[in-house]
Amino acid sequence: MHEHPLDLIAALADGSLSDEAEARSLIETCHQCRDEYLAQTEVIAWLATAPAVEMTDLEKATLHRDLWTELRSQAAKRSATPWWQRLSYVAAGLFVIVGLVGVLNSGVLGGGGEAAATTTAAGAQAFDEAPTEEVPFVAQGSDDGESAPEMATETTAAATATTDATAGEDSLSLPFEELADEARARQNDRVVAESAEPDFEQCLSRVGLDDHVVVDQIDFDQTYLLVMRRDPEAERVVTFVVLPACEIVYVG
Amino acid sequence: MTVPGNEAELLTRVVSGDREAFDAVMRNHQDRVFSVCLRILGDREKALDATQDTFLTVFRKAGQFQGRSAVGTWIYRIAVNTCYDQLRRAQRRPSEPLADHVDPSDPTAEEEMASAALRPEIEAALAQLPRDFRNAVVLSDLEGMSLPEVAEVLGVPVGTVKSRVFRGRRLLAKHLGNQNDQ
């Protein structure tokens, strides 16, 4: 049974063969091959009549505008990276710190006097090397100046959190300032728990925050409620209340 | 404003947030990306959305470009996958008929018909092809990509592309033959 090299016929039809001799001979001797070749060339010629597709100038301008709007929006959201993600970076750094402190104090690698400098550097390095999913957009011009300072603040705050953690504290602590910024940046009145949580309500009442609502709940070493004034026109102050002690631990 | 540097260099600058470099990449490829999306999706608005999504992905993933292909090939692969994602979300055939309200005697009708995908008969014929055949034919015969480039964009071997292009054209030839008989 004669096998027809279909790819050879197709290549002859679209002119992509460097040496057409074999293909030409084939279509001269094989009727079916010639029929296939003619069909292929007819389709190629027909498709060539399709007009070029281009965006209009308006569509291009709209595309650029919408694209940069979306990128700025995503950058603003990334400046409020989930607290647990940043916390995981801090925790990773502190694990390194704790581990190195243990090793150094055991005298394996040398005097303890070097421990502080070494662990601080290790902690900072671990934080810096923490993987980031996306690169935050930093505009070259001034038209996106708002996002750049926010990200600088984020980096500074996170570094501060790391530094604070290595400054002698034995346990992890929440980055309150960053979490407060996050809660404000979300600009919503998302209520995690209202009257459905009598414990929360009672606690808020006890600490004089009756006019507040819970906008977030963080379960860390303890449970932290982030509360804000119910009135959307009020100053957007975020208060951290820890449970079960029901004490205000941070206001920012 | 012309931004100097080859495209791989431009992508490196995009990673560091260089807006001008990203604008340059977009200018170089936006028309072709849009064309590919329009020919796959068959709808101008969807193609514009897919074009935007494509460049959002390009921006986010610029740091992952490893230089194993041309930047354009990499971008068009993203475009094709973006269109596939859109089709999956829509769960419908990629082409739609022209709007019923288009009146050929209306002076604006020509513009509206031009805003539709392709020539209607070509669009209709392509819409009848199986997706794999259609995309191979679109990229090869309408976008003018070489077979190795089509293979790279579609993520399949060159031999597979050759087969799909051949069979896609063959089916289109049947469609043409049926039209000529009418």
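Cut-off values and rules
Residues numbered from 1 in each chain as written. Chains lettered and ligands numbered in written order. Predicted model: local features only at pLDDT ≥ 70, side-chain atom pairs only at ≥ 80, totals over all residues. Heavy atoms only, no water. Helix = DSSP H or I, 4+ residues; strand = E, 2+ residues; numbered from the N terminus. Buried < 20%, exposed > 50% of the residue type's maximum accessible area, 1.4 Å probe, protein only. Contact = heavy atoms within 4.5 Å. Areas by Shrake-Rupley, 256 points an atom, 1.4 Å probe, with all protein chains shown as cover. Polar contact = N/O pair within 3.5 Å; in protein donor to acceptor, adjacent residues only side chain to side chain. Axes fitted to C-alpha atoms, helices over the stretch in contact; angles between N-to-C directions. Parallel < 35°, antiparallel > 145°, perpendicular 65-115°, else oblique. Left-handed = near helix turned anticlockwise from the far one by under 90°. Nonpolar A, V, L, I, M, F, W, Y, C, P; charged D, E, K, R; others polar. Pairing = 2+ DSSP bridges. Phe/Tyr/Trp six-rings, centres within 6.5 Å; stacked < 30°, edge-to-face > 60°. Disulfide = S-S within 2.5 Å.

Would you mind going over the overall build of chain A with me for this structure?
Helix and strand counts for chain A come out as nine helices and four strands. What you see in chain A, going N to C, is helices and strands ordered as α-α-α-α-α-α-α-α-α-β-β-β-β. A buried classification covers 37% of the 252 residues belonging to chain A. The long-range share in chain A, meaning contacts at least 24 apart out of those at least 6 apart in sequence, stands at 50%. Carbon and sulfur atoms make up 53% of the accessible area of chain A, which amounts to about 14200 Å² in all.

I tried to follow the overall build of chain B on my own but got confused; where do I start?
The helix and strand tally for chain B stands at nine helices and zero strands. For chain B, the succession of helices and strands along the chain, N to C, is α-α-α-α-α-α-α-α-α. Across the 182 residues of chain B, 52% fall into the buried class. For chain B, the proportion of contacts with a sequence separation of at least 24, taken over those separated by at least 6, is 61%. As displayed, chain B has an accessible area near 8600 Å², and 47% of this comes from carbon and sulfur atoms.

Would you take a moment to explain the environment of aspartate 141 of chain B for this structure?
Note that aspartate 141 of chain B resides in helix H7 (residues 131-142). Expressed as a C-alpha distance, the spacing of aspartate 141 of chain B and arginine 169 of chain B, which sit 28 residues apart in the sequence, is 9.3 Å. Those residues in contact with aspartate 141 of chain B that sit more than four places away from it in its chain are Ile44 and Leu47 of chain A together with Val165 and Arg169 of chain B. A polar contact is formed between the side chain of aspartate 141 of chain B and the side chain of serine 140 of chain B, at a distance of 3.2 Å. Engagement of the side chain of aspartate 141 of chain B in a polar contact is seen with the side chain of arginine 169 of chain B, the distance being 2.8 Å.

Where do I start with the packing of helix H1 (residues 7-15) of chain B against helix H2 (residues 19-41) of chain B in this structure?
The geometry of a pair of packed helices is captured by two quantities: the angle between their axes and the separation between those axes. Residues and elements named next belong to chain B. H2 packs onto H1 with a crossing angle of 135° between their chain directions and a minimal axis gap of 8 Å. Viewed along their axes, H1 and H2 adopt a mutual orientation that is oblique. Of the two elements, H1 crosses H2, and the hand of that crossing is left-handed. Here Glu7, Leu10, Arg13 and Val14 of H1 lie close against H2, whose contacting residues are Ala21, Phe22, Ala24, Val25, Asn28 and His29. Its residues placed into classes, the contact of H1 with H2 shows six nonpolar, two polar and two charged.

Would you mind showing me how to read the environment of glycine 155 of chain B here?
Residue and element names in this part refer to chain B. Here glycine 155 is to be found in the loop between helix H8 (147-154) and helix H9 (158-181). We classify glycine 155 as partly exposed; its relative accessible area is 44%. A C-alpha to C-alpha distance of 10.0 Å links glycine 155 and asparagine 81, two positions 74 residues apart in sequence.

How do you make sense of the pairing of strand E3 (residues 239-243) of chain A when you look at a structure like this?
Residues and elements named next belong to chain A. Most of E3 sits out of view: five of its five residues are buried. Alternating residues of E3 divide into Thr239, Val241 and Leu243 and Phe240 and Val242, and every residue in both groups is buried. With five bridges connecting them, strand E2 (residues 223-229) and E3 associate as antiparallel partners. Paired with valine 227 across the bridge in E3 is threonine 239. The pairing of E3 with strand E4 (residues 247-251) spans four bridges and is antiparallel. From the neighbouring strand, phenylalanine 240 faces E4, where its bridge partner is tyrosine 250. The turn joining E3 and E4, which pair antiparallel and follow one another in sequence, is formed by three residues; a positive phi near 60° is taken by cysteine 246.

Help me out: how do you make sense of the packing of aromatic side chains in this one?
For any two aromatic rings, the description comes down to two numbers: the centre-to-centre distance and the angle of the planes. If you walk through the whole model with that rule in mind, you get five aromatic pairs over all chains. Ring geometry for phenylalanine 240 of chain A versus tyrosine 250 of chain A: centroids 5.5 Å apart, planes at 80°, classification edge-to-face. With phenylalanine 240 of chain A in strand E3 and tyrosine 250 of chain A in strand E4, this residue pair connects regions lying ten residues apart in the sequence. Ring geometry for phenylalanine 22 of chain B versus phenylalanine 59 of chain B: centroids 5.1 Å apart, planes at 75°, classification edge-to-face. Of this pair, phenylalanine 22 of chain B sits in helix H2 while phenylalanine 59 of chain B sits in helix H3 (residues 44-61), and the two are 37 residues apart along the sequence. Overall, phenylalanine 59 of chain B belongs to the buried group, its relative accessible area being 8%.

I tried to follow the environment of leucine 10 of chain B on my own but got confused; where do I start?
Mapped onto the elements of the fold, leucine 10 of chain B is located in helix H1. Taking the C-alpha atoms as reference, leucine 10 of chain B lies 9.0 Å from glutamate 20 of chain B; in sequence the two are ten residues apart.

I'm lost on the state of the cysteines in this one. Help?
Throughout this description, disulfide means a covalent bond between two cysteine sulfur atoms. According to the stated counting rule, one finds one disulfide over all chains in the structure shown. Each disulfide pairs two cysteine sulfurs, and for cysteine 203 of chain A the partner residue is cysteine 246 of chain A, the sulfurs being separated by 2.0 Å. The sign of the S-S torsion, about 105°, decides the handedness of the disulfide formed by cysteine 203 of chain A and cysteine 246 of chain A: right-handed. Separated by 43 residues along the polypeptide, cysteine 203 of chain A in helix H9 (residues 198-206) and cysteine 246 of chain A in the loop between E3 and E4 bring together distant segments of the chain. Like cysteine 203 of chain A, the residue cysteine 246 of chain A is buried in the burial classification. Residue cysteine 83 of chain B stays outside any disulfide, its sulfur separated by 3.4 Å from that of cysteine 37 of chain B, the closest cysteine.

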